[in-house]
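Below, each chain spelled out in residue letters.
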Amino acid sequence: MLGDITQNLWWSWQLDARELFHRIDHLLWESTRHNAVEFLRQVAPDRLAERSRDPLFLERYDQVIKRYERLTQQNGNGTWFASRYPELRNRSIAYFSAEFALHRSLPIYSGGLGVLAGDHCKEASDLGVPLIGIGLYYHDGYFDQTIGLDGWQRDSDDPVDPTVNPVVRMNGPDGDPCLVPMSISGREVQVGAWRVMVGRVPVYLLDTDLECNDKADRDLTARLYTSGAEWRLRQEWVLGVGGVRMLRALGLAPEIWHANEGHAAFSYVERLRELIERGLTLSQAQEQIRTTSVFTTHTPVPAGHDVFSFPQLEQVTGPFWNTMGITREQFMAFGQPGLKDQHFEMTVLSLRLAGRVNGVSARHREESRRIWRWLWNDKPVADIPIGYVTNGVHLGTWMARPIRDMLGETLGPDWESDAEPEAVAAAVRNLDDDRLWAVHEGLRHLLFHYVREEARHRWRDQWKDPAKLAGAGALLSPNVLTLGFARRFATYKRADLLFHDPERLRRLLTDPRRPVQIIFSGKAHPADEPGKRVLQKVFAAAQNPSFEGRIAFLEDYEMHLAQRMVAGVDVWVNVPRVPLEACGTSGMKAALNGVPQLGTLDGWWAEGFTGKNGWAIPLASGEGDPDQQDTEQLFQLLEQHVVPTFYDRLPGRHSPDWVHMMKAVLAVAVERFTTRQMLQGYVTRYYVPAAVGEAIPGDLPSQPK
Ligand SMILES: *Cc1c(COP(=O)(O)O)cnc(C)c1O
């Protein structure tokens, strides 16, 4: 029974289910890093036997089992989706993504895109939306980060072990792995699939690591975002074409197809091929794909859009156009910007084939319309048919337990599924100030405890240099205003903005009366040399004695560390160069724990900032160096607003203005920035119109000319 629970990641966002593992053996629960499958495998039988004699434990256990059975047996009855769209209950939506962040034990994601996809699936389960996820099973995972003595990031792989993960190999009727064939670089390759259950939502993860495949092909899906365009192209070919074929082989028949970013856009091409094979003309097939396909674009940064040369494409896809009954020119034209461009862009492909397109924040919609306007013959920006659904974060994954418990006291035990967002926001506004502050301090202490224990382990196992210990956070004080900055070290996110004026930073941090400290974390993409240089700079600063141990860098940023950081710091710093952050979700996670954000007015903050729930760096004037202007504004806000407000308090008490700000940001987050609002937006504005064949507003994109 407990075994069933461990085989579905549903437990990971259920407080009562998590508590069971904790109560059985909390040391083992920690040492297995909250991996339920591994926990169950290692737990001592007499420990389980002992628990089974404890009536209180049994009662809790029964409740969890009952809830789990309701989830799996009721086929979505009573959920938001089923009651709102009873006629659509048996339709399903295929959701393709190159990465899914579902739990730290399954490292098949690199950052925000994966977290968003994982949260999308969890929320779909909560709301009863009939979603099916499709991704890749990277058996070597995404790299683990270690930082050398020189501050340079080393990337190491730790293979994903399927025996300690809730993944099962999908088999066909004969008991052998269910395989679909496809041609990649002129060779026939078999693609298999693993399934991981995320509540009600199955996620199928494709892989080629099968004995029947050529040695070279077995590693096709080994690693996430390997450098080398051809390798990446092959993975995207597997995801798109293999993904559609696998769904067919498993007998699944989704009617709505959603590609989360351009990596998955070959799924549209494979579906075109299917329709043409069934006798439709190319334009009939295209019309049908357009109506039923959703495409979400995620970044205005040019490097975020895959571009392949024609020879690369031809090498990987072979003469796929022959199987579609079209010419090479017609095939290339799907992704070719203009006739003189001899390359293929995945975003252009997506925009030409999918009819329902969105960006991930209001500001990102405007940027996307500007960037892609040329595809609609430079029509006015307002007429470009790109909409938006602002990203959100999954409450059950990102709101810390003490805050959930506290809200449960006023809203009742089932508030997370039943309460309206407005009611939750009202409850937040009515929270007792002292209580909220005490809960926040508790979360801050948990973070510091974690930081010190990690530093202690590294001190024991890795390095003996006290500067490293200080850099890992051993000198942080639990009573000092703490800023958090954690995200991928892409240069546009500007982790080093404060270091543009090191002397002013030193004064800020080491002020004897009102000191400040900063916790950094994040990985640079393995191929991103400038990103690694920024990381090196921050890492060196953390060990520089002139900052007196008030800067820490925490290695190996992943979901679990993110959960602790967003709940335990006092301010979330988010300073991307405008307008390059499409949305940004880590600030929403912080907000969901009552942690205000200090940030540039980009992405979600352009929507979420109210003037009372944090601080905003005004948009740079457009003249002069924007980095310099933003640095100046950042320091001014810190020196004149953030620090004075935080320390405006009596010893042992909280600052009243600060706690009001905490409530304001928490209320905005629960009301507008959870995946509940996001998924409801996708359902009502994208999935349902696609399911009922509603006409697509706006013109067709142009052909290459
Ligand atoms: C939320 C999250 C991200 C994305 O953060 P951004 O603010 O969008 O940059 C990246 N990595 C991890 C581990 C996360 O939890």
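Everything quoted here is computed from the prediction, not taken from an experiment.

Colleague: Run through the overall build of the chain, naming residues and quoting values.
Modeller: The helix and strand inventory of the chain stands at 31 helices and 20 strands. Relative to the compact-globule value of 27 Å for 705 residues, the chain shows a C-alpha radius of gyration of 25 Å, a close match. Within the span of the chain, comprising 705 residues, buried residues form 60% of the whole. Looking at the chain, you have 78 positive and 90 negative side-chain charges, and the mean spots of the two groups are 2 Å apart.

Colleague: Break down the domain arrangement of the chain for me, citing the residues and quoting the values.
Modeller: Domain annotation of the chain identifies domain 1 (2–73), domain 2 (80–391 + 682–691) and domain 3 (405–673). Taking only C-alpha atoms, the centre of domain 1 and the centre of domain 3 are 33 Å apart.

Colleague: Just give me the short version of the site of the ligand, but keep the residues and values in it.
Modeller: For the ligand, the set of nearby residues contains 14 residues, the closest of which are Lys493, Gly584, Thr585, Ser586 and Lys589. Contacts to the ligand include Lys493, whose side-chain N or O atom sits 2.6 Å from an oxygen atom. At a separation of 3.0 Å, an oxygen atom of the ligand approaches a polar backbone atom of Thr585. Bound to the protein, the ligand loses 95% of the 390 Å² it would expose on its own. Split by residue class, the shell around the ligand holds five nonpolar, five polar and four charged. Each of domain 2 (80–391 + 682–691) and domain 3 (405–673) contributes no fewer than three residues to the shell around the ligand.

Colleague: Go over the packing of aromatic side chains with me, naming the residues and quoting the values.
Modeller: The full count for this structure, using the stated rule, is 35 aromatic pairs. Clustering of aromatic rings is evident, with ring pairs tying together Trp237, Phe266, Phe320, Trp321, Phe331, Phe334 and Phe344. Directly above the ring of Phe485 sits Arg487, whose terminal nitrogen or CZ lies 4.7 Å from the centroid. The cationic tip of Lys589 hangs over the ring face of Trp398; the distance from NZ or CZ to the ring centre is 4.1 Å.

Colleague: Pulling in residues and values, what's your account of helix α29 (residues 626–647)?
Modeller: Since one α-helical turn is 3.6 residues long, residues separated by three or four positions face the same way. In a regular helix each residue adds 1.5 Å, so 22 residues correspond to 32 Å; α29 covers 30 Å between its end C-alpha atoms and thus fits that length. Restricting attention to buried positions, one finds in α29 the residues Asp627, Asp630, Thr631, Leu634, Phe635, Leu637, Leu638, Val642, Val643, Thr645, Phe646 and Tyr647. Capping the start of α29, Asp625 holds a side-chain oxygen 2.9 Å from the backbone nitrogen of Asp627, two or three residues further along.

Colleague: So what's going on with unusual backbone geometry? Residues and values would help.
Modeller: Backbone torsion omega between Val578 and Pro579 reads 5 degrees, so that peptide bond is classified as cis. If you trace the backbone, Pro579 turns up in the loop between β18 (571–574) and α27 (586–591). If you check the backbone angles, His34 has positive phi at about 55 degrees while not being a glycine. For His34, the location among the structural elements is in the loop between α3 (26–31) and α4 (36–42). Of note, Asn377 is a non-glycine position whose phi angle comes to about 55 degrees, a positive value. Looking at the secondary structure, you find Asn377 in the loop between α17 (362–372) and β14 (387–388).

Colleague: Can you tell me about the sheet that holds strand β20 (residues 614–617), naming the residues and giving the values?
Modeller: Strand pairing in a sheet takes place through backbone hydrogen bonds and is either antiparallel or parallel in direction. Judged by pairing direction, the sheet is parallel, and its six strands sit side by side in the order β17-β16-β15-β18-β19-β20 without closing on themselves. Taken across any chain shown, the strands that pair with only one partner, and hence form the sheet edges, are β17 (551–554) and β20. Neighbouring strand axes in the sheet, compared pairwise and without regard to direction, differ in orientation by 20 degrees on average. Two elements, strand β15 (residues 481–486) and strand β16 (residues 516–521), share six bridges in a ladder whose sense is parallel.

Colleague: Can you tell me about the pairing of β18, naming the residues and giving the values?
Modeller: Of the two faces of β18, the one holding Val571 and Val573 and the one holding Trp572 and Asn574 are both buried throughout. Direction of pairing for β15 relative to β18: parallel, over a ladder of two bridges. Residue Leu483 lies in a different strand from β18, and its bridge partner there is Val571. In this structure, β18 lies alongside strand β19 (residues 597–600), joined through three bridges in parallel fashion. Looking at the pairing, Val573 lines up with Leu598 of β19.

Colleague: A description of the side chain of His120 should follow, citing residues and the corresponding values.
Modeller: Along the chain, His120 falls in helix α8 (residues 112–127). Once you skip the residues sitting within four places of it in the chain, His120 turns out to touch Tyr95, Leu131, His258, Thr675, Met678, Leu679, Tyr682 and Tyr687.

Colleague: So, helix α25 (residues 529–543): which residues are in play, and what are the values?
Modeller: Spanning 15 residues, α25 covers 21 Å between terminal C-alpha atoms, matching the ideal 21 Å at 1.5 Å per step. The inward-facing, buried residues of α25 contact β3 (144–147), β4 (153–156), α23 (466–471), β16 and β17. The backbone nitrogen of Gly531 lies 2.9 Å from a side-chain oxygen of the residue at the head of α25, namely Asp528.

Colleague: Report on the environment of Ala17, specifying residues and quantitative values.
Modeller: Its place among the elements puts Ala17 in helix α2 (residues 15–24). Accessibility expressed as a relative area gives 0% for Ala17, which makes it buried. When the C-alpha atoms of Ala17 and Gln7 are compared, they prove to be 13 Å apart, with ten residues separating the residues in sequence. Here Ala17 is in contact with Trp11 and Val64, once residues within four sequence places are set aside.

Colleague: Help me get a handle on the environment of Met197, residues and values and all.
Modeller: Summarising the element assignment, Met197 is placed in strand β7 (residues 187–198). Under the relative-accessibility criterion, Met197 is labelled buried at 19%. Excluding anything up to four places from it in sequence, Met197 contacts Gln7, Asn8, Leu9 and Pro202.

Colleague: Quick rundown of the side chain of Arg676? Include the residues and the values.
Modeller: Tracing the chain through its elements places Arg676 in helix α31 (residues 675–691). Apart from residues no more than four positions distant in its own chain, Arg676 is found in contact with Glu123, Asp126, Leu127, Glu416 and Ser417.

Colleague: Lay out the packing of α8 against α31 in plain terms, naming residues and giving numbers.
Modeller: With their axes 9 Å apart at the nearest point, α8 and α31 run at an angle of 80 degrees to one another. Judged on the interaxial angle alone, α31 and α8 are roughly perpendicular. Residues Leu116, Asp119, His120, Glu123, Ala124, Asp126 and Leu127 of α8 form the contact with α31, whose participating residues are Thr675, Arg676, Met678, Leu679, Gln680, Tyr682 and Tyr687. Residue composition of the contact of α8 with α31, by class: seven nonpolar, three polar and four charged.

Colleague: Explain the packing of helix α22 (residues 433–461) against helix α30 (residues 656–672) to me, and be specific about the residues and the numbers.
Modeller: Where α22 meets α30, the closest approach of the two axes is 10 Å, and the angle between their N-to-C directions is 80 degrees. By the angle class used here, α22 and α30 are roughly perpendicular. Across from Asp433, Leu436, Trp437 and His440 in α22, the residues of α30 making contact are Trp658, Val659, His660, Met662 and Lys663. Of the residues assigned to the contact of α22 with α30, the class counts are five nonpolar, two polar and two charged.

Colleague: Can you tell me about the pairing of β17, naming the residues and giving the values?
Modeller: Every other side chain in a regular strand lies on the same face of the sheet, so the side chains alternate between the two faces. Covered by surrounding structure in β17 are Ile551 and Phe553 together with Ala552 and Leu554, the residues of both alternating faces. Pairing geometry for β16 and β17, over four bridges, is parallel. By the bridge assignment for β17, Ser521 is matched with Leu554. Between the parallel pair β16 and β17, the chain is carried across by α25, and the sense of this crossover is right-handed.

Conventions and cut-offs
Residues numbered from 1 in each chain as written. Predicted model: local features only at pLDDT ≥ 70, side-chain atom pairs only at ≥ 80, totals over all residues. Heavy atoms only, no water. Helix = DSSP H or I, 4+ residues; strand = E, 2+ residues; numbered from the N terminus. Rg over C-alpha atoms; globule rule 2.2 N^0.38 Å. Buried < 20%, exposed > 50% of the residue type's maximum accessible area, 1.4 Å probe, protein only. Lys, Arg positive; Asp, Glu negative; His and termini not counted. Charge placed at Lys NZ, Arg CZ, Asp CG, Glu CD. Domains from an automatic or database assignment. Near = heavy atom within 4 Å. Polar contact = N/O pair within 3.5 Å; in protein donor to acceptor, adjacent residues only side chain to side chain. Areas by Shrake-Rupley, 256 points an atom, 1.4 Å probe, with all protein chains shown as cover. Nonpolar A, V, L, I, M, F, W, Y, C, P; charged D, E, K, R; others polar. Phe/Tyr/Trp six-rings, centres within 6.5 Å; stacked < 30°, edge-to-face > 60°. Lys NZ or Arg CZ within 6 Å of the ring centre and 35° of its normal. Expected span 1.5 Å × (residues − 1). Pairing = 2+ DSSP bridges. Axes fitted to C-alpha atoms, helices over the stretch in contact; angles between N-to-C directions. Contact = heavy atoms within 4.5 Å. Parallel < 35°, antiparallel > 145°, perpendicular 65-115°, else oblique. Right-handed = clockwise from strand over helix to strand, strands pointing away.

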